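Secondary and tertiary structure notes
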Amino acid sequence: MSQNIPLTQLHEGQKAQVSMLLSTGNIRRRLQDLGIVAGTSIECVQKGPGGDPIAYKIRNTIIALRLEDVNTIIVTTKFK
Amino acid sequence: MQSYSSYLETASADYTIALVGNPNVGKSTIFNQLTGLKQHTGNWPGKTVTFAKGHYMYENQSYTLIDLPGIYSLATHSKEEEVTRDFICFKQPDAVIVVCDATCLERNLNLALQILELTKHVILCVNLIDEAHKKKIHIDTTHLARLLGIPVIPVCAKSSTGLEQLLLEVMRLTHFKTHLSTYKSTFNPILEEACLPLIEFLQTIPCSCACPHFFALKLLQNEEIFLSYVKQYCDLNPNTSLSFLEALQKSHNILSNHRIDATCLQDLIVTHYIQQAEWIARQVITPKDASMDQQDRKIDRLFIGKYTRFPIMALLLAFILWLTIVGANYPSDLLFNLFSRLETFLSSLLLNLGIPSTLISLLIEGVYRILTWVVAVMLPPMAIFFPLFTLLEDVGYLPRIAFNLDHCFKQCHACGKQALTMCMGLGCNAVGIEGCRIIDSPRERLIALLTNSLMPCNGRFPTLILLINMFFITNFFYVPSSLIATLLLLLAILLSIFLTFFTSWLLSQTFLKGLPSSFTLELPPYRKPQIIQTLIRSLLDRTLYVLRRSVCVAAPAGLVIWLLAHITLGEHTLLYEMTDFLDPFARLFGLNGIILTAFILGIPANEIIFPIIMMIYMSSNTIMPLLQSHEIKMILLNSDWTPVTALCTLIFLLFHWPCSTTLLTIYKETKSIKWTTIAFLIPTLLGFFLCFVVTQITSFF
């Protein structure tokens with residue numbers, strides 16, 4: 001079984017695959033530039049103080065994103 | 001930013017070579033190795049904010065090397081990106097070296113593929129190949145070269161491995177015009193079809209653009225800036241040229257026939273490069289998908305982990321401060337001793353040479369003394385703090401600080417990268433202000449810029465330490481005094497940090513209203529610093545820097561003060577008139593006329609403020625060279641210094657007008673008298689306010 005959730009709901013250490021980006025314009029481009037497109041696998045590495053920003057591992061690079069941006073990324077997780 | 005066209009006008013070399021790459025892949029290191037220059041390097045993205053130009057010779061050919069700012073792709077609209085894109089697209093350098101990080105090749109290939117759209121003169125330089133080996137990543141560069149159709153050179157810039165090969169390839173490419181790129185990217189057939197009318201049109205007109213395919217894609221995306229390029233480089237008005245509008249319309253029709261809107265078009269283009277990069281990476285990298293960063297994650301668990309991140313930050317800062325305080329004492333006293341002996345020797349020498357005593361007094365008590373004080377008091381702490389800080393920077397710790405503090409900055413409606421500029425401000429405010437360019441949002445950049453001088457720069461550290469050591473160290477059980485001094489200094493810096501947050505918040509509520517914007521921050525892999533080289537190099541750099549500054553700034557200041565102290569106007573000297581005039585005002589803030597005069601005369605550099613204070617006191621006392629730093633305290637106490645005076649001086653040192661270099665940098669960056677004035681006023685008013693409060697409160701006891 002798999003389900004679509006916003007990336008924010010991923011726990012530390014959990015992995016998922018990007019299914020779509022909800023943002024438009026410049027933020028969308030910026031995220032795409034980092035290699036975040038449909039199908040990219042993404043891992044939540046570490047949440048920052050107060051849960052914001054959050055560090056993700058994307059294509060072997062660690063990138064910190066703010067909550068508002070992360071919320072626009074929808075991912076698919078497999079759950080048991 | 002210096003306009004890049006001016007770089008080209010002055011280029012007299014045979015060939016121009018551009019260095020391009022993602023942020024933090026070691027472009028600056030390669031640049032330094034090839035040109036022998038000393039561009040500042042460090043392990044965090046966005047460090048090269050201006051771009052540097054250098055030269056080198058190879059096989060009797062001269063080359064101009066241009067270090068372009070690091071970018072992730074050519075699709076977004078940052079200033080850096082435009083500069084890079086325009087440079088390659090329209091100025092057509094003889095070769096472009098694309099620098100990649102071997103440890104994350106896939107993401108770097110994304111940019112490389114886009115560059116290949118722009119020019120055929122490309123060499124791929126896979127840097128940090130040693131780091132990749134360490135992480136057991138193998139990259140088949142021969143295969144990569146075959147896939148991309150360009151020369152691929154594995155390089156380890158730190159140890160210069162592979163650079164010779166790189167130079168050879170650059171020569172082949174520029175001089176013999178061999179090994180030109182044979183790479184041809186093919187997009188989705190619909191896109192290719194849509195591009196065709198525009199490409200055909202561009203080929204019919206004289207155009208200085210070497211990349212019609214890329215150009216067509218950009219025009220399809222309706223990018224305003226590219227329409228202006230049509231005018232500029234193709235000598236054609238895009239709004240009136242019928243054949244151009246016709247071609248554009250044809251292309252757009254094809255897209256709309258397939259229901260491809262703007263967002264979809266963008267997705268198609270971006271995804272194309274990413275998938276292409278992914279595909280190529282899979283062919284050349286072994287092992288395929290092992291995670292190679294176990295060790296980095298372990299370190300990260302400490303540095304950005306939930307319970308340890310803040311204690312470790314405080315401890316690291318405290319440790320560096322402690323080393324600075326403890327380490328600076330001995331060399332400082334040594335220098336004092338040396339200089340005062342030299343002074344006696346010099347005076348008697350000059351006297352024997354028959355030089356008039358007034359001139360001797362001017363040279364020795366005016367110029368020589370302030371110069372040596374600046375060196376003796378200022379140099380040791382600066383020469384210790386700065387190299388240590390450089391080490392932290394090289395390891396890659398600074399972006400982690402930004403990660404930890406971003407939450408606070410967000411609360412203040414500012415950007416987390418401001419933490420990076422604050423860290424640079426600890427070294428030098430002017431550098432910190434230049435570094436504010438890494439912040440994308442203009443509003444947040446301005447906040448970072450205006451508040452930067454609230455961080456005490458390296459030039460203020462020694463005086464802070466001196467004041468703390470002289471007035472605030474008490475015997476407290478068996479705690480070593482160096483530890484108390486460290487704690488007090490740490491408190492001072494925390495106060496600076498707190499006030500930076502507060503002022504940022506205040507600005508974003510008043511002058512610079514706005515919501516926090518999105519931000520992306522890369523946490524680079526930890527890199528083992530070259531400890532010895534870094535220490536020696538930045539020690540030498542700092543020493544030379546301080547010496548140069550003290551000659552340029554302290555010596556003239558010494559001259560001015562000596563003249564002020566010896567030219568009389570009526571009954572009193574000019575210096576007396578000046579300090580006397582300022583005295584009542586200064587007393588309101590717990591300072592005195594002498595201190596305030598020193599702060600005013602010290603505008604050229606913070607390093608000279610305290611030496612000026614000392615000089616003014618000594619010019620009215622019996623003149624005697626200082627032997628040890630603690631003798632300073634006696635002189636101050638013999639005049640009218642109280643602990644409150646010291647505290648207010650300390651506060652005012654933390655928060656007063658920025659030095660002239662910083663002000664000039666602020667003006668250069670903002671191009672506005674208004675913002676420069678505000679940057680001047682913020683710390684000044686804050687300092688006066690705090691001193692006033694402290695004076696009022698302490699007057700009750």
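Worth saying up front: this structure is predicted, and the values here are computed from it rather than measured.

1. Quick notes on the overall build of chain A
Looking only at helices and strands, one finds two helices and six strands in chain A. Start at the N end of chain A and walk to the C end: the helices and strands fall as β-β-α-β-β-β-α-β. Computed over C-alpha atoms, the radius of gyration of chain A comes to 11 Å, within 12% of the 12 Å expected from 2.2 N^0.38 for 80 residues, which places it in the range of a compact globule. Seen along its three principal axes, the alpha-carbon backbone of chain A occupies a region of about 35 × 30 × 20 Å. Here chain A holds 80 residues, and the buried ones make up 56% of them.

2. Considerations on the interface of chain A and chain B
Chain A puts 33 residues into the contact, and the matching count from chain B is 43 residues. Here chain A meets chain B over a buried area of about 3,400 Å², counting both sides, of which 50% is carbon and sulfur. Taken as a group, A:R29, A:D33 and A:R66 account for 23% of the area that chain A buries against chain B, more than any other trio of residues on that side. Between the two partners, chain A and chain B, sit six salt bridges. Seen at the junction of chain A and chain B, the total is 18 residue pairs in polar contact (both at pLDDT 80 or more). Counting only elements with at least two residues in the side of chain A that touches chain B, the list comes to α1 (25-33), β3 (41-47), β4 (54-58), β5 (61-65) and α2 (67-70) of chain A. The greatest single-element share of the side of chain A that touches chain B, amounting to eight residues, is contributed by α1(A). Two strands pair when backbone bridges link them, and β5(A) and strand β9 (residues 520-523) of chain B are joined in this way by four bridges, in the antiparallel orientation.

3. So, unusual backbone geometry
A cis amide bond, omega 0 degrees, links A:D52 with the succeeding residue A:P53. Positionally, A:P53 belongs in the loop between β3 and β4. Residue B:E59 is not a glycine yet carries a positive backbone phi of 50 degrees. You can call B:E59 exposed: its relative accessible area is 55%. A positive phi angle, near 55 degrees, is found at B:R259, a position not held by glycine. Note that B:R259 resides in the loop between α11 (242-257) and α12 (262-284). We classify B:R259 as exposed; its relative accessible area is 78%.

4. Looking at the domain arrangement of chain B
All names here are of chain B. We note that the domain assignment places domain 1 (4-175), domain 2 (189-260) and domain 3 (311-698) within chain B. Contacts between the two partners involve 11 residues from domain 1, matched on the other side by 13 residues from domain 2. Contact between domain 1 and domain 2 buries roughly 1,100 Å² in total, counting both sides, with carbon and sulfur atoms accounting for 58%. Of all residues in domain 1, R85, F90 and E117 give up the largest surface area on contact with domain 2, accounting jointly for 50% of the area buried on that side.

5. Observations concerning a nonpolar patch on the surface
Residue and element names in this part refer to chain B. A surface patch of nonpolar side chains, about 460 Å² in accessible area, is lined by L495, F498, F502, W505 and L506. Checked against the element boundaries, L495 lands in helix α21 (residues 481-509). Look at L495 and you get partly exposed, because its relative accessible area is 34%.

6. Considerations on the nonpolar core
Residue and element names in this part refer to chain B. Within the largest apolar cluster, 132 residues are counted, with the highest numbers of intra-cluster contacts made by L450, F610, I613, L636 and W641. No other element matches helix α15 (residues 357-395), which puts 17 residues into this core. With near-sequence residues (within four places) excluded, W641 lies in contact with L467, F471, N592, I595, F610, I613, Y617, L636, A646 and T649. Core analysis: the next-biggest nonpolar cluster, separate from the first, contains 72 residues, L68, A132, L144 and V230 among them.

7. A word on the packing of helix α8 (residues 189-204) of chain B against helix α9 (residues 212-220) of chain B
Residue and element names in this part refer to chain B. Here α8 crosses α9 at 115 degrees, and the two axes come no closer than 9 Å. The angle between α8 and α9 places the two elements in the roughly perpendicular class. At the point where α8 passes α9, the crossing takes the right-handed sense. Residues E192, A194, C195, L198, I199 and L202 of α8 form the contact with α9, whose own contacting residues are P212, H213, F215, A216, L217, L219 and L220. Residues of the contact of α8 with α9, tallied by class, amount to 11 nonpolar, one polar and one charged.

8. Remarks on the sheet that holds strand β4 (residues 95-101) of chain B
Residues and elements named next belong to chain B. Taken in spatial order, the six strands line up as β2-β3-β1-β4-β5-β7 in an open sheet, and their pairing is mixed. Edge positions in the sheet fall to β2 (52-58) and β7 (152-154), since each has one partner strand and no second. Going across the sheet, the axis of each strand differs from the next one's by a mean of 25 degrees, ignoring polarity. Relative to β4, strand β1 (residues 15-21) runs parallel, the two being bridged by five bridges. When the bridges of β4 are listed, A18 appears paired with V96. Against the sheet, helix α4 (residues 105-118) touches β1, β4 and β5 (122-127), its axis set at about 165 degrees to β4.

Scoring rules and cut-offs
- Residues numbered from 1 in each chain as written.
- Chains lettered and ligands numbered in written order.
- Predicted model: local features only at pLDDT ≥ 70, side-chain atom pairs only at ≥ 80, totals over all residues.
- Heavy atoms only, no water.
- Helix = DSSP H or I, 4+ residues; strand = E, 2+ residues; numbered from the N terminus.
- Rg over C-alpha atoms; globule rule 2.2 N^0.38 Å.
- Buried < 20%, exposed > 50% of the residue type's maximum accessible area, 1.4 Å probe, protein only.
- Contact = heavy atoms within 4.5 Å.
- Buried area = accessible area lost by both parts, 1.4 Å probe.
- Salt bridge = Lys/Arg side-chain N within 4 Å of Asp/Glu carboxyl O.
- Polar contact = N/O pair within 3.5 Å; in protein donor to acceptor, adjacent residues only side chain to side chain.
- Pairing = 2+ DSSP bridges.
- Domains from an automatic or database assignment.
- Patch = residues over 30% accessible without salt bridge, like charges linked within 9 Å, V, L, I, M, F, W, Y side chains within 5 Å.
- Areas by Shrake-Rupley, 256 points an atom, 1.4 Å probe, with all protein chains shown as cover.
- Core = buried A, V, L, I, M, F, W, Y, C linked by side-chain atoms within 4.5 Å.
- Axes fitted to C-alpha atoms, helices over the stretch in contact; angles between N-to-C directions.
- Parallel < 35°, antiparallel > 145°, perpendicular 65-115°, else oblique.
- Left-handed = near helix turned anticlockwise from the far one by under 90°.
- Nonpolar A, V, L, I, M, F, W, Y, C, P; charged D, E, K, R; others polar.

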